[in-house]
Amino acid sequence: MSHTPNDSLHILNDGHHLCWSCKEEVGEGPFCSHCVKIQPLEEVSDYFALFGLEPHYKIDPADLQKPFIELSRKMHPDFYGQLSDSEQVIARDNTAYLNMAYGVLKDPIKRADYLLSLKAGNTKSNPTPPQDLFDEILETGELLMNDILSADEIKQLNRTKNDFTVRQRELLDSLAPHFDKLLNGHNSAKTEVESRLNNVKYLRTIIRRIEQRLKQDEN
Amino acid sequence: MSNNKKKQIAIGIDLGTTNSLAAIVTDRQPHALTGEHGAIVPSVISLKDKKLEIGRAAYNALVENPEHTVYSVKRLMGKAAADIKDESGRYPFEIAADPRGLASVKIDDTIYSPVELSAAILLGVKEQAEKALGQPVDRAVITVPAYFDDAQRQATRDAGKIAGLEVLRIINEPTAAALAYGLDKKDRGTIAVYDFGGGTFDISILRLTDGIFEVLSTAGDTRLGGDDIDDVIVDFIINEARANDIDINTASPKIRAMLKRNAEEIKMDLSNNERVNIDMHFAHQADSFSTALKRPIFDRMIEPILNRTIDFCKRALDDANLTVDDIDEVILVGGSTRVPAVREEVEAFFKREPHCDLGPDEVVALGASIQADIITGGRDDLLLLDVTPLSLGIETMGGVMNVLIQRNSKIPAVANEIFTTYVDGQTSVAIRVFQGERELVADNRSLGHFDLTGIAPQKAGMPRIEVAFTLDADGILKVKATDTRSGKEQDITIRPSYGLTQDEVKSMVRESFIHAADDIEKRLLIELSNEAKTVLAATEKALEIVTDFKPGEEDDIRDAADDLREALKGNSSRVLREKLDDLNDATSDLAARMVNESLSGLLKNKKVGDAEELIK
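A.B. asks: Explain the overall build of chain A to me, please; I cannot follow it from the model alone.
C.D. replies: Each helix and strand in chain A was counted, giving seven helices and zero strands. Overall, chain A shows an N-to-C arrangement of helices and strands of α-α-α-α-α-α-α. For chain A, the residues scored as buried account for 28% of the 219 residues in total.

A.B. asks: Is there a simple way to explain the interface of chain A and chain B in this structure?
C.D. replies: Size of an interface: often given as the accessible area lost when the parts come together. In this assembly, 18 residues from chain A lie in contact with 19 residues from chain B. Only helix 2 (61–75) and helix 3 (85–106) of chain A provide two or more residues apiece to the side of chain A that touches chain B. Sort the elements by how many residues they give to the side of chain A that touches chain B and helix 3 of chain A lands first, with eight residues. Of the residues contributing to the side of chain A that touches chain B, the split by class is eight nonpolar, seven polar and three charged.

A.B. asks: Could you clarify how one ought to interpret the sheet that holds strand 13 (residues 189–196) of chain B in this entry?
C.D. replies: Within a sheet, each strand pairs with its neighbour through backbone hydrogen bonds, oriented either parallel or antiparallel. All names here are of chain B. Strands sit in the order 18-13-14-15-19 across an open sheet of five strands; the sheet is mixed. The open sheet has two edge strands with one neighbour each: strand 18 (329–333) and strand 19 (383–385). Averaged over all adjacent pairs, the angle separating strand axes in this sheet is 25°, with direction ignored. Relative to strand 15 (residues 212–221), strand 14 (residues 201–209) is paired through nine bridges, and the arrangement is antiparallel. Its bridge partner lying in strand 15, Ile205 is registered against Ser217. Sitting on the sheet, helix 5 (residues 173–182) touches strand 13, strand 14, strand 15, strand 18 and strand 19, and the angle it makes with strand 13 is about 125°.

A.B. asks: Would you mind going over the packing of helix 5 of chain B against helix 10 (residues 363–375) of chain B with me for this structure?
C.D. replies: Packed helices, taken two at a time, are described by the angle their axes make and the gap between the axes. Residue and element names in this part refer to chain B. In contact at an axis separation of 7 Å, helix 5 and helix 10 are set at 80° when each is read in the N-to-C sense. Classified by the interaxial angle, the pair formed by helix 5 and helix 10 is roughly perpendicular. Between helix 5 and helix 10, the residues in contact are Glu173, Ala176, Ala177, Leu179 and Ala180 and Val363, Val364, Leu366, Gly367, Ala368, Ile370 and Gln371, respectively. In terms of residue class, the contact of helix 5 with helix 10 is built from nine nonpolar, two polar and one charged.

A.B. asks: What's the story with helix 8 (residues 295–319) of chain B in this structure? I'm lost.
C.D. replies: Given 3.6 residues per helical turn, the α-helix brings residues three or four places apart onto the same face. Its 25 residues give helix 8 of chain B an end-to-end C-alpha distance of 34 Å, which sits within 8% of 36 Å, the value for a rise of 1.5 Å per residue. Along helix 8 of chain B, the sharpest kink reaches roughly 50°, centred on Glu303 of chain B and followed within four residues by the proline Pro304 of chain B.

A.B. asks: Is there a simple way to explain the sheet that holds strand 6 (residues 51–54) of chain B in this structure?
C.D. replies: Residue and element names in this part refer to chain B. The strand order 6-5-7 describes an open sheet built from three strands, whose pairing is antiparallel. Looking at the sheet topology across the chains shown, the edges are occupied by strand 6 and strand 7 (69–70). In this structure, strand 5 (residues 45–48) lies alongside strand 7, joined through two bridges in antiparallel fashion. Residue pairing in the sheet places Ser46 in a bridge with Thr69 of strand 7. The strands that helix 3 (residues 114–133) touches are strand 5, strand 6 and strand 7; relative to strand 6, the one it contacts most, it runs at about 60°.

A.B. asks: Any chance you could explain helix 5 of chain B here in plain terms?
C.D. replies: Most of helix 5 of chain B sits inside the fold, with 10 of its 10 residues counted as buried. Listed in full, the buried residues belonging to helix 5 of chain B are Glu173, Pro174, Thr175, Ala176, Ala177, Ala178, Leu179, Ala180, Tyr181 and Gly182 of chain B.

A.B. asks: Explanation requested: the confidence of the model for chain A in the structure shown.
C.D. replies: Parts of the prediction with low pLDDT should not have their coordinates interpreted in detail. Taken residue by residue, chain A gives an average pLDDT of 83. The fraction at 70 or more is 89%. With pLDDT under 50 throughout, residues 1–14 of chain A is counted as low confidence; its partners more than four residues away or in other chains account for 27 contacts.

A.B. asks: Whenever I open this one, the packing of helix 8 of chain B against helix 9 (residues 340–350) of chain B confuses me. Can you help?
C.D. replies: Residue and element names in this part refer to chain B. Running from N to C, helix 8 and helix 9 point in directions that differ by 40°, and their axes come no closer than 10 Å. By the criterion of interaxial angle, the relationship of helix 8 to helix 9 is oblique. As for the relative orientation of helix 8 and helix 9, their crossing is right-handed in sense. Residues Asp299, Ile302, Leu306, Ile310 and Cys313 of helix 8 touch helix 9, and the partners they reach there are Ala341, Val342, Glu345 and Phe349.

A.B. asks: Looking at this structure, how should I read unusual backbone geometry?
C.D. replies: Across residues other than glycine, the phi torsion is negative in most instances, and most of the peptide bonds are trans. Residue and element names in this part refer to chain B. Pro412 follows Ile411 through a cis peptide bond whose omega is 0°. Checked against the element boundaries, Pro412 lands in the loop between strand 21 (400–405) and strand 22 (413–419). For Asp27, which is not glycine, the phi torsion reads 50° and is therefore positive. Tracing the backbone through its elements, the reader meets Asp27 in the loop between strand 2 (19–26) and strand 3 (29–32). The backbone of Asn321 sits at a positive phi, close to 60°, despite the residue not being glycine. Of the residues examined, Asn321 has 10 C-beta atoms within 10 Å and is grouped as exposed.

A.B. asks: Help me understand the confidence of the model for chain B, please; the structure alone is not making it clear to me.
C.D. replies: All names here are of chain B. Of all residues in chain B, 92% attain a pLDDT of 70 or more, and the chain-wide mean is 86. Under a pLDDT of 50 for its full length, residues 601–616 has, in the predicted model, seven contacts with residues more than four places off or in other chains. This prediction of the complex comes with two scores: 0.81 for pTM and 0.82 for ipTM.

A.B. asks: For this particular structure, what's the right way to read the pairing of strand 3 of chain B?
C.D. replies: As a general feature of sheets, a regular strand has side chains that alternate between the two faces. Residue and element names in this part refer to chain B. Side-chain alternation along strand 3 places Pro30 and Ala32 on a buried face and Gln29 and His31 on a face that remains uncovered. Note that strand 2 and strand 3 share four bridges and pair antiparallel. Its bridge partner being in strand 3, Ile24 is matched across the sheet by His31. The turn linking strand 2 back onto strand 3 is made up of two residues, and Asp27 within it adopts a positive phi angle of 50°.

How each quantity is defined
Residues numbered from 1 in each chain as written. Chains lettered and ligands numbered in written order. Predicted model: local features only at pLDDT ≥ 70, side-chain atom pairs only at ≥ 80, totals over all residues. Helix = DSSP H or I, 4+ residues; strand = E, 2+ residues; numbered from the N terminus. Buried ≥ 20, exposed ≤ 12 C-beta atoms within 10 Å, placed from the backbone. Contact = placed C-beta atoms within 7 Å. Nonpolar A, V, L, I, M, F, W, Y, C, P; charged D, E, K, R; others polar. Pairing = 2+ DSSP bridges. Axes fitted to C-alpha atoms, helices over the stretch in contact; angles between N-to-C directions. Parallel < 35°, antiparallel > 145°, perpendicular 65-115°, else oblique. Expected span 1.5 Å × (residues − 1). Bend = angle between axes of the 7 residues up to and from the residue. pLDDT = per-residue confidence, 0-100. Left-handed = near helix turned anticlockwise from the far one by under 90°.

Here it is, written out as structure tokens:
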């Protein structure tokens, strides 16, 4: 396999481990510098580092996608079908880990959760309704309890769903400056991030419930 | 004499509800492996008086011998008999429950599992491939509908094993199709694969970037396909008959088989004609009647089915966070996309004309063979990144589904969850694994369960048991549990809810009824023996006339020839092939020199025609 070298990949490994196969020092990168066999991904400092990114809330999807593809090309089990069982298992586990990290960083809510736990330790996830949407949420809750919905009520639910989706996105976007503060050592920003994230999660749940209800009505 | 050593080969197999076929990549191009009736092997098995027929021969027996002829086995894979209760009445053969309640087929009081019946189909495909290639095939990539659950995937892999195949990978049919289409295209874009087969429907949304085929989402129904369209036509015929005061005896297997065959023909005719005349004759009934089915009526009849497929398309787009406008290309796969109404519906929904230039029947097998080529090291510029169609989780308090791996997660995938005990001194916990999207496990599919035992008795909530899910690149789940305090790993075997245990598979690999029909070894042995004798004769002749041997060459050739003579006495085609290749290797240089010499000698006399004769 031919692969272009990429600085971002060197952090996979600090270079002082011994290869599982040839017992020599593996050097940097996901392959042993001696026997070129694939090495299990060491627990890297964080998911961001795996992709050669600085830990930030705002990330450009392309900056994530590119190293993800490069790493997949190096480690995917499809390229290890001819090799030993141990190498196939390492390839599978490495790729599974890579996929998990990618899944977390790609999703803004999961990414926020992850970054928060990374920088502020244990946090409590406690979905709470945003204060400014309190009335609308109460109303929606009542609508969702109805067995039968009128055409107007369905319209209203659709409108609410859109409102909530927009609000959710706004809240997610507003996380960035607070995360920046947090990453710069302002621990006070933690509560701000937490409360917004809890609002987002509340909205996520209620949006899902609206969607389910609307789908149920379609059938 | 040839010096091309046969490399270990791997084929791609599309194991379809109605038709199956194999393909292989040679010189970087995939092509279907054909037999005397083309590439397609009908997915039909007949078992009259325990004599196994597969494919075309079985298909021909369908109407004559309906109770002994089985089709659409794929719909039974990984299912409980109770799951398919509503549709079991439409088959002419008998659906039964095996002792564990799994859906099976009963023929002459013998129960056959769908896994074994699928293995028989795979065997038929494998034999056709071996004939086409002139050598044994024991490795394959097999395709499944993207929406197949864990039990159905596992059943397919087991079927491969029983048929004597090392299953390199299980891949999704729409993804395989995308691979075949995207093979030579260097472009980027987002594509939708609409895969409507004989028994299943899948929609997959993929992103193509420089040879990477990244599946963004998938949706579908493993029991929605051409079979359902046939059923609509069968109902139409029954109703028309009733209007003519004829009550069709649908309890008769023969009549059910005949109706099914008629419906298929009418459906195909309607793809090319605006109107099809239907003449029904019932041998045992004096009655017969004629009617006609017009395309617009047919289109209206199947509209609910098409609407369901479009609903899945919407969901797949939603899951990928995309809209119809984001789709650059639409690919049609599967025989049911030949129905004009299907194409029109797809075109109307996606607002663009769909592609179908690769032929909806072959494209999946072609893609599978490309994947086989990738896995066996044939190329590394293409890569499939696929997803799991359904969420995976375990039951927690109150029967709630606790999801560990979300649907549309990339595979392979891992997930961990820490568990503890509810009662003081508890030494075991039951872990039940489920697949599906509903909140309560009762509404999802049980994959299996295991008891984690040997937990050191502690206060409730103290033990920390890590349960790890590993979903491999085939989309098949493995579960591991570790007591994190002791670091002790529990050896866990999930007892599958809807499948065979690995011991059962092992015994079928040796003892399945399908091996009675497995005469490929014998046939290969005969073919190879003939080839070996020809090569030996030619070698002996060469040894007599040639004088300019290189050092050691003559001895090498004589040794290889002796080995081959020895192999001829045995009955292993593998050994014979090996020794034959060895002899060909030993003589390759000599053969080349001989051809050159005779050519130069002959060319002096300008007898080119003879020279061609000689080197043939």
